[in-house]
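So you can see what is in the structure, the chains are spelled out below.
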Amino acid sequence: TTDEEPPAGPPLNFTILDMTSRTFTVTWSPPDPFLRYGVIISYSLTCEEIEGGHIPPSYPRMFTVPPIYNATVDELRPFTDYKCSLIAINSAGNSDPTTDTSITDEDAPESYPREFSIEAIELRSLTFTWKPVDKRLQNGPIINYTISCNSSSILSMEISPDDMIEDNNGVYNHAIFGFTPGTIYVCSIYANSSVGAGPEISAIGITLEEIISTTSTSSVSI
């Protein structure tokens, strides 16, 4: 019997499937029997983000033979591109890797809009300013923001990107009309994706007082 050599062929049929926002499954088959050059004793799986190279905890992960030829990869970030690599191992060394790529599903935003503030500029209106949710916590495209204000009545409005003004510093602002003059409002904002709503953050706004002018007349008798 000749000595073993590192496998000359990678695992076959390596595929990422069953995607969710936080997990997916990888499946594979053993290398071609004529290219194993020995007994395959284990497989090593590595997954990482394509942009940034972040590696999920617990990876690389080893699987000993006989395996089930599938594994669940967890602790992933939503709406993120991943590349996974798998190598076969015998007593002499490793095969070349086989790879596959995929993107996790969207999820609701994990955080709230940043630097939320309220300013009264015109009578009966409030102007709201905020920065978007941190990009790594958006978990997918933000489709709109919901602003709600509670005083003697409740006002709630969904603000689409087309209705927002963005300045050069990436700050959004939007004016809402119909408030009562000289009133304190507690308002909150949260971001929405196609999957759900994120957490909210609140601020206090006070509308301008309405100034009522009075005129006096005097009469002079002769």
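Above this text is the structure in question.
Residues numbered from 1 in each chain as written. Predicted model: local features only at pLDDT ≥ 70, side-chain atom pairs only at ≥ 80, totals over all residues. Heavy atoms only, no water.

Re the packing of aromatic side chains
Part 1 of the argument: Per the counting criterion, the structure on display carries nine aromatic pairs.
Part 2 of the argument: A ring pair is formed by F116 and F128, whose centres lie 6.1 Å apart and whose planes are at 5°; its orientation type is stacked. Taken together, the positions of F116 in strand 9 (residues 114-119) and F128 in strand 10 (residues 125-131) put the pair 12 residues apart, joining distant regions of the chain. Across the pair, F128 and F116 agree in class, each one buried.
Part 3 of the argument: A network of ring pairs unites the aromatic residues W28, Y43 and Y69 as a single cluster. (Phe/Tyr/Trp six-rings, centres within 6.5 Å; stacked < 30°, edge-to-face > 60°. Helix = DSSP H or I, 4+ residues; strand = E, 2+ residues; numbered from the N terminus. Buried < 20%, exposed > 50% of the residue type's maximum accessible area, 1.4 Å probe, protein only.)

Observations concerning the pattern of salt bridges
Pairing between side chains of opposite charge can happen when the charged atoms of each approach one another.
Part 1 of the argument: Here the structure, examined in full by the defined rule, presents six salt bridges.
Part 2 of the argument: The residue E49 makes a salt bridge to R77 at a minimum N-O spacing of 2.6 Å. Taken as a pair, E49 in strand 3 (residues 42-49) and R77 in the loop between strand 5 (70-73) and strand 6 (81-90) lie far apart in primary sequence, 28 residues in all.
Part 3 of the argument: Between K131 and E115 there is a salt bridge, with the nearest N and O atoms lying 3.6 Å from each other. Pair noted here: K131 is in strand 10 and E115 is in strand 9, with a separation of 16 residues, a long-range link.
Part 4 of the argument: Salt bridges sharing partners connect three or more residues here, namely R22, D107 and E110. (Salt bridge = Lys/Arg side-chain N within 4 Å of Asp/Glu carboxyl O.)

Brief notes about the nonpolar core
Part 1 of the argument: F128, W130, Y145 and I147 are the most contacted members of the largest nonpolar core, which totals 20 residues.
Part 2 of the argument: Those elements giving two or more residues to this core turn out to be strand 9, strand 10, strand 11 (144-150), strand 14 (172-177) and strand 15 (184-192).
Part 3 of the argument: Sort the elements by how many residues they give to this core and strand 15 lands first, with four residues.
Part 4 of the argument: Ignoring sequence-local partners within four residues, the contact set of I147 consists of F128, W130, L155, S156, M157, I159, I176, S188 and I189.
Part 5 of the argument: By size, the runner-up hydrophobic cluster in this structure holds 18 residues, among which are F24, W28, I40 and Y59. (Core = buried A, V, L, I, M, F, W, Y, C linked by side-chain atoms within 4.5 Å. Contact = heavy atoms within 4.5 Å.)

Topic: the sheet that holds strand 1 (residues 12-17)
Part 1 of the argument: If you trace the three strands from one edge of the open sheet to the other, you get 1-2-5, paired in antiparallel fashion. One side of each edge strand has no neighbouring strand; the edge strands of this open sheet are strand 1 and strand 5. The mean inter-strand angle of the sheet, taken between neighbouring strand axes irrespective of direction, is 15°.
Part 2 of the argument: Two strands pair when backbone bridges link them, and strand 1 and strand 2 (residues 24-29) are joined in this way by four bridges, in the antiparallel orientation. Considered in strand 2, the bridge of L17 is made with T25. (Pairing = 2+ DSSP bridges. Axes fitted to C-alpha atoms, helices over the stretch in contact; angles between N-to-C directions.)

Looking at the state of the cysteines
Part 1 of the argument: Per the stated rule, a full pass over the model turns up two disulfides.
Part 2 of the argument: Between the sulfur atoms of C47 and its disulfide partner C84 the distance amounts to 2.1 Å. Between C47 and C84 the disulfide shows an S-S torsion of about 110°. By sign, it is right-handed. On the criterion of sequence distance, the pair formed by C47 in strand 3 and C84 in strand 6 is long-range, its members being 37 residues apart. (Disulfide = S-S within 2.5 Å.)

Shape is all these values report; function is a separate question.
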